[in-house]
Amino acid sequence: MLTWIALLALFLFSGATYAFGRRKAQALAATGKAGALHSLPGYHGSYVALWAGLPAALIVLAAAMFGARLEVAVLRAESPAAVSALTPQGQDVFFDDARAMAHGAQASETVYDGDLKSALEAKAAQAKFLEQLIQYGALAAGVVVGLAGLAIAYPRISPSFRARNRVEGWIAVLFIACAVVAILTTVGIVASLVWESWRFFQSVAPLDFLFGTDWDPQIAMRSDQYASKGAFGAVPLFAGTFLIMLIAMMVAAPIGLYSAIYLSEYAKPLTRAVVKPLLEILAGVPTVVYGFFAALTVGPIFREAFNGLGRLLIGGPLDSLGLYLSQVQNQMALVAGAVMGIMLIPFVSSLSDDIMNAVPQSLRDGSLAMGATRSETVKLVVLPAALPGIMAALLLAVSRAIGETMIVTMAAGLQAKTTLNPLDTVTTVTVQIVTLLTGDQEFDSPKTLSAFGLGLTLFVVTFILNVIALRIVQKYREQYD
Amino acid sequence: MTDAALPTDKAAFRLGLETRLKKRYAQERRFRLYGQLAIVFALGFLALLVGRIGLQGYSTFIDYEVTQTIYVDPAKVDAADIGGANFDLLVADQMLAKLGEKDDEFGEASGKMMDIISNDFGFQLLKMIKADPSLIGKRVTLTGPVKADAALYYKGELKRSTPQDERKLDDRQLAWLDKMQASGAVTKGFNLGFLTKSDSTEPEQAGVLGAVVGSAMMLLVTAVLAVPIGVLAATYLEEFAPKTRWTDLIEVNINNLAAVPSIVYGLLGLAVFINWLHVPRSSPLVGGLVLALMALPTVIIATRSALKAVPPSIREAALGVGASRTQTVFHHVLPLAMPGVMTGAILSLAHALGETAPLLMIGMISFVPGVPEGFTGAATVLPVQVFIWENASERAFHERTAAAILVLLAFMIVMNLAAILLRRRFERRW
């Protein structure tokens, strides 16, 4: 809250300095001969405002962003013996609770007594003090820096001062800073995934993770219990992901391609104007909605259909198959895959549509003039010409199918099985990430860290697919005209 | 001339030609049909999806309310300890009395009555008496919803024909419900509560307001961060940056970021914002930060293509009369590209609004009963609310899930419509 008020105040202060600077420049322009001012008065104002506002704002923002981290670091620097005796997770909870107490938030349900209780109160008092120190310190620093900025910039205003160039210099820095954010995002993703995965791979060997066939991340409470270490072989997850991706692509690729062909080659302008936005709605539906639909509508319909078929087969020559089919459950790979495929239809169709539209009309005209039918033209001329683009579109769809979470979470089940049977429940990489990281608070057990190992695998696989898709487009794109 | 007049080999040739032509035309028709079928299938699915969810969800907006005059018995409500009184029991007893039923010594009937009327009555009564203790000993008239199971009965989804053991309400309760309806105490109306209340453990009292406010706050954070940063970054890359290896790398990088699975952004948010920077979990702030990073590449890509569409002659004209490059960009190029930029921004924000998976990673799955208190307080958002309700075991939550989806879809449609209108309104040919 304080940060917001401080930023608002800074904004107003900066606005006021703009007016001052501008007025001074105008006054100078009026006294000197006309046109003697190098820059427009507005630039002089902006120059002063930037000096007065920006550095101070950066200080306040930095305090808001890194203040909590600083606070925790100081709190942890010297802890009483009773606290040091706690497990690492216990310490995390302890310090979180101390901070929660300090700003009146809800603490965890852990009960502290004796030494710990007094330590908690001491730490809470310290946290409160530190928090205020950081906030007010940043505020004071902001005021000083803001005034200093004003003191530096204001006297510089003179007719010969190149305020415009200076302001544009600031703007250039701002531009580059914004572009750097995109890089930093990638660095952040890679660094956080690699760092946490590295901690995971210290307890589980990478080869066991990549080629192990047993996935059971449940860690027992005591070390002497059965399966005390959990099993982290990710092959069943890869198999499940692959199976669902395969089903999704079997739905999305033909339907998406055929609709793109129809839309770009056959449809009248009116049909196109109606159908295309409708397909785009399909693309805009949130995935959680598809998940809900898959779980509550498509799942039961499929189960009914298979159960009915199974009942018909029971007693006949395919008795065992019938028995199996009659016991199929709602949650199966087929449901998640089919619904995901439908989600991908507009993605495939709009990308392929764009690509086929880019094939020049002269190629089609040539083919039609030779007496080929439209479908022959499409199959023998348009599709080959558009093939690299279509391949890239399909690869992008594959990478989306691999990374899709909600539909599978809601419709495919949680059991880790290595199977290619679409009627079985399977689990995928994304589903396991969700189940591993929801509700669990500790971040040092291999169980939670394994989610980052999975995330890294997912990132690497989709990254490779994307790069291949980009390369295909760049390398094989045919330049007509 | 007839075929018979032709030499036989020519006739055979012609016959072959014709059959082949027929085949080719049939093939052509088939091909065309496949295309039509594909589109019909996709649109049919869309209709099925929207129709089915509409059918499942619309009944949430119908509400059954009971109006009842309650005598606040001084013997049961102690003025010194108002919170200690059992208002639910008080209300249930008087409802029973009105139906002409007498409670047995175990309180079985009142327990059953409490299963069909919402404990919202109790809350209302508590609130009223706390505000005005002089109500004790007087009669007050209250209106409140029936419990979700009872509403399902009125809506015909819980059927009398189901064997008693398999349904939530027994015959006696159903008889009461019938009696209450016959006496005119039950009114059917629009369920405004669904839009003005927040999440609750009781389906009949659960609403979407908290989630809508949470979504709006989170989207605000996303927009404030992603749009300016994305637009400036794109402008820099398109208008200022020299074409070097580095800028090529940045470009490839941005294209890749746009295709990174959303759950990976959730992992990033968890590791960097929560574990490293200690931003409060499940707050609109951290959700907005994660979604902003996710929306950023899309905003950049859209802005770049909008900037590319502005013809160079505009830039040259501005530069020619002595404007600096910055002035050219801010006074001429960006304003002309603005419609395209806005369209891209709105579409990527609409996408961010519907995103669920990364928010589950940063703890947004917790139960939040009220409207979020601030940007750092706990909050829930619409898509996550849908996910939480979908997992709820009570059947009444399923219709609420569908209704929440309808609200979410309404949001999406409004945003997409805004983008389309913007594109139409400012469409320009150079």
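Residues numbered from 1 in each chain as written. Chains lettered and ligands numbered in written order. Predicted model: local features only at pLDDT ≥ 70, side-chain atom pairs only at ≥ 80, totals over all residues. Heavy atoms only, no water.

Looking at an unreviewed UniProt entry, one finds chain B named Phosphate transport system permease protein PstA, with Phenylobacterium glaciei as its source organism.

Looking at an unreviewed UniProt entry, chain A carries the name Phosphate transport system permease protein, with the source organism given as Phenylobacterium glaciei. According to its UniProt record, chain A has this under Function (unreviewed entry): "Part of the binding-protein-dependent transport system for phosphate; probably responsible for the translocation of the substrate across the membrane." Within the UniProt record for chain A, the comment given under Sequence similarities (unreviewed entry) is "Belongs to the binding-protein-dependent transport system permease family. CysTW subfamily." (UniProt positions renumbered as here; feature names shortened; annotations may be inferred.)

A closer look at unusual backbone geometry
For histidine 278 of chain B, which is not glycine, the phi dihedral falls at a positive 55°. Structurally, histidine 278 of chain B can be placed in the loop between helix H10 (262-276) and helix H11 (284-308). (Helix = DSSP H or I, 4+ residues; strand = E, 2+ residues; numbered from the N terminus.)

Things to note about the nonpolar core
With 153 residues, the main nonpolar core has Ile433 and Leu454 of chain A together with Tyr265 of chain B as its most contacted residues. Ranked by residues supplied to this core, first place goes to helix H8 (residues 235-266) of chain A with 17 residues. Not counting residues up to four positions away in its chain, the partners in contact with leucine 454 of chain A are Phe209, Trp215, Ala234, Leu237, Val429, Gln432, Ile433 and Leu436 of chain A. Formed by 41 residues, the second largest nonpolar core is a distinct cluster that contains Val91, Ala92, Leu125 and Leu177 of chain B. (Core = buried A, V, L, I, M, F, W, Y, C linked by side-chain atoms within 4.5 Å. Buried < 20%, exposed > 50% of the residue type's maximum accessible area, 1.4 Å probe, protein only. Contact = heavy atoms within 4.5 Å.)

Focus: the packing of helix H1 (residues 8-57) of chain B against helix H16 (residues 395-426) of chain B
Packed helices, taken two at a time, are described by their axes: the angle between them and the distance between them. All names here are of chain B. Interhelical geometry of H1 versus H16 gives an angle of 125° and a closest axis separation of 7 Å. The orientation of H1 with respect to H16, classified from their angle, is oblique. Taken as a pair, H1 and H16 cross one another with a handedness that is left-handed. Contact residues: H1 offers Ile53, Gly54, Gln56 and Gly57, while H16 offers Glu399, Ala402, Ala403, Ile405 and Leu406. Tallied by class, the residues present in the contact of H1 with H16 amount to five nonpolar, three polar and one charged. (Axes fitted to C-alpha atoms, helices over the stretch in contact; angles between N-to-C directions. Parallel < 35°, antiparallel > 145°, perpendicular 65-115°, else oblique. Left-handed = near helix turned anticlockwise from the far one by under 90°. Nonpolar A, V, L, I, M, F, W, Y, C, P; charged D, E, K, R; others polar.)

Focus on the domain arrangement of chain A
Segmenting chain A into domains produces domain 1 (2-161) and domain 2 (216-480). Here domain 1 of chain A and domain 2 of chain A have C-alpha centroids that lie 47 Å from each other. (Domains from an automatic or database assignment.)

Quick look at the UniProt feature "domain: ABC transmembrane type-1" (unreviewed entry) in chain B
Under the local residue numbering, the UniProt record ascribes the feature "domain: ABC transmembrane type-1" (unreviewed entry) to residues 212-418 of chain B. Summarising residues 212-418 of chain B: 77% helix, 0% strand, and an end-to-end C-alpha distance of 19 Å.

Things to note about the pattern of salt bridges
Evaluation of the coordinates by the stated rule reveals 13 salt bridges over all chains. We note a salt bridge from glutamate 168 of chain A to arginine 164 of chain A, for which the minimum N-O separation is 3.6 Å. On the criterion of helical spacing, the pair formed by glutamate 168 of chain A and arginine 164 of chain A is a turn pair, its members being four residues apart in helix H6 (residues 163-203). A relative accessible area of 15% places glutamate 168 of chain A in the buried class. Between glutamate 399 of chain B and lysine 155 of chain B there is a salt bridge; the shortest N-O distance is 3.2 Å. You can see glutamate 399 of chain B sitting in helix H16 and its partner lysine 155 of chain B sitting in the loop between helix H5 (148-154) and helix H6 (171-182), a full 244 residues away along the chain. Overall, glutamate 399 of chain B belongs to the buried group, its relative accessible area being 8%. The class for lysine 155 of chain B is partly exposed, based on a relative accessible area of 22%. A network of salt bridges, in which partner residues are shared, links Arg272, Lys276 and Asp353 of chain A. (Salt bridge = Lys/Arg side-chain N within 4 Å of Asp/Glu carboxyl O.)

Details of the UniProt feature "transmembrane region" (unreviewed entry) in chain A
Residues and elements named next belong to chain A. According to UniProt, the positions carrying the feature "transmembrane region" (unreviewed entry) are residues 45-66, 133-157, 169-195, 231-261, 281-302, 332-351, 380-402 and 451-473. As annotated, residues 169-195 comprises 100% helix and 0% strand, and the C-alpha atoms at either end are separated by 37 Å. This span, residues 380-402, is 100% helix and 0% strand, and a straight line between its end C-alpha atoms measures 31 Å.

Focus: the domain arrangement of chain B
Residues and elements named next belong to chain B. In terms of domains, chain B is made up of domain 1 (59-191) and domain 2 (209-426). One C-alpha centre belongs to domain 1, the other to domain 2, and the line joining them spans 46 Å. Taken together, the contact between domain 1 and domain 2 spans nine residues of the former and seven residues of the latter. Counting the surface domain 1 buries against domain 2, the share from its top three residues, Thr60, Phe61 and Leu152, is 53%. At the junction of domain 1 with domain 2, the criterion picks out one salt bridge. At the junction of domain 1 with domain 2, the criterion picks out three residue pairs in polar contact (both at pLDDT 80 or more). (Buried area = accessible area lost by both parts, 1.4 Å probe. Polar contact = N/O pair within 3.5 Å; in protein donor to acceptor, adjacent residues only side chain to side chain.)

Notes on the sheet that holds strand S2 (residues 139-145) of chain B
Paired through their backbone hydrogen bonds, the strands of a sheet run either parallel or antiparallel. All names here are of chain B. Taken in spatial order, the three strands of this open sheet run S2-S1-S3, and their pairing is antiparallel. Edge positions in the sheet fall to S2 and strand S3 (186-190), since each of these pairs with one other strand and no more. Averaged over all pairs of adjacent strands, the angle between their axes in this sheet comes to 30°, without regard to strand direction. Bridge analysis of strand S1 (residues 62-71) against S2 gives seven bridges, and the strand direction is antiparallel. (Pairing = 2+ DSSP bridges.)

Remarks on the interface of chain A and chain B
Of the residues lining the interface, 82 residues belong to chain A; the matching set on chain B comes to 75 residues. Across the interface of chain A and chain B, roughly 7,300 Å² is buried in total on both sides, 76% from carbon and sulfur atoms. The largest contributions to the chain A side of the interface with chain B come from Phe175, Phe292 and Phe293 of chain A, which together make up 10% of the buried area. Here chain A is connected to chain B by one salt bridge. Here arginine 24 of chain B ties to glutamate 376 of chain A by a salt bridge, and the two come within 2.8 Å at their closest N and O atoms. Taken together, chain A and chain B are joined by 12 residue pairs in polar contact (both at pLDDT 80 or more). For the side of chain A that touches chain B, the class distribution of residues is 54 nonpolar, 20 polar and eight charged.

Side note on the side chain of serine 349 of chain A
Residues and elements named next belong to chain A. Among the structural elements, serine 349 can be located in helix H12 (residues 333-357). At a separation of 3.4 Å, a polar atom in the side chain of serine 349 contacts the main-chain carbonyl oxygen of proline 346. When neighbours within four sequence positions are excluded, serine 349 is seen to be in contact with Gly256, Ser259, Ala260 and Leu279.

A few points about the packing of aromatic side chains
Counting across every chain of the model gives 27 aromatic pairs over all chains. Taken together, a centroid distance of 5.5 Å and an interplanar angle of 65° make the contact between tyrosine 258 of chain A and tyrosine 34 of chain B edge-to-face. Remark: tyrosine 34 of chain B occurs in helix H1 and tyrosine 258 of chain A occurs in helix H8; the pair is interchain, linking two chains. Grouping aromatic residues by their ring pairs yields a cluster made of Phe200, Phe201, Phe209, Trp215 and Phe232 of chain A. A cation sits over an aromatic face here: lysine 24 of chain A above tyrosine 154 of chain A, 4.6 Å from the ring centre. One residue, arginine 400 of chain A, lies across the ring of phenylalanine 347 of chain A, its end atom 4.5 Å from the ring centre. (Phe/Tyr/Trp six-rings, centres within 6.5 Å; stacked < 30°, edge-to-face > 60°. Lys NZ or Arg CZ within 6 Å of the ring centre and 35° of its normal.)

What about the packing of H6 of chain A against helix H8 (residues 209-240) of chain B?
Relative to each other, H6 of chain A and H8 of chain B sit at 110°, their axes nearing to 8 Å. As far as their axial angle goes, H8 of chain B and H6 of chain A are roughly perpendicular. On H8 of chain B, the residues that touch Leu174, Phe175, Ile176, Cys178, Ala179 and Val181 of chain A of H6 of chain A are Ile229, Leu232, Ala233, Thr235, Tyr236 and Phe240 of chain B. Split into classes, the residues belonging to the contact of H6 of chain A with H8 of chain B amount to 11 nonpolar, one polar and no charged.

With respect to H12 of chain A
Residues and elements named next belong to chain A. Taking 1.5 Å of rise per residue, the 25 residues of H12 would be expected to cover 36 Å, and the 35 Å separating its terminal C-alpha atoms lies within 8% of that figure. Bending of H12 peaks at approximately 35° at the position of leucine 344, with proline proline 346 no more than four residues after it. Most of H12 is tucked away, with 19 of its 25 residues classed as buried. (Expected span 1.5 Å × (residues − 1). Bend = angle between axes of the 7 residues up to and from the residue.)

A short note on empty space enclosed by the protein
Residue and element names in this part refer to chain B. One pass over the full model with this rule turns up three cavities of 30 Å³ or more. Lining of the largest cavity is provided by Ile62, Asp63, Val146, Ala148, Ala151, Lys155, Asn191, Glu204, Ala396, Glu399 and Arg400. Elements supplying a minimum of two residues to the lining of the largest cavity: S1, H5 and H16. Ranked by residues supplied to the lining of the largest cavity, first place goes to H16 with three residues. Its residues assigned to classes, the lining of the largest cavity shows five nonpolar, one polar and five charged. Two domains each put at least three residues into the lining of the largest cavity: domain 1 (59-191) and domain 2 (209-426). (1 Å grid on protein atoms, 1.4 Å probe; cavity = no way out; pocket = protein on both sides within 12 Å on 5 of 7 lines; lining within 4 Å. Points joined across faces, edges and corners; volume = space filled by probe spheres on them.)

Side note on the UniProt feature "transmembrane region" (unreviewed entry) in chain B
Residues and elements named next belong to chain B. UniProt records the feature "transmembrane region" (unreviewed entry) at residues 33-55, 208-237, 257-279, 285-307, 333-354 and 402-422, using the numbering of this structure. Between the end C-alpha atoms of residues 285-307 there is a gap of 31 Å, over a span that is 100% helix and 0% strand. Regarding residues 402-422, the helix share stands at 100% and the strand share at 0%, and the terminal C-alpha atoms are separated by 30 Å.

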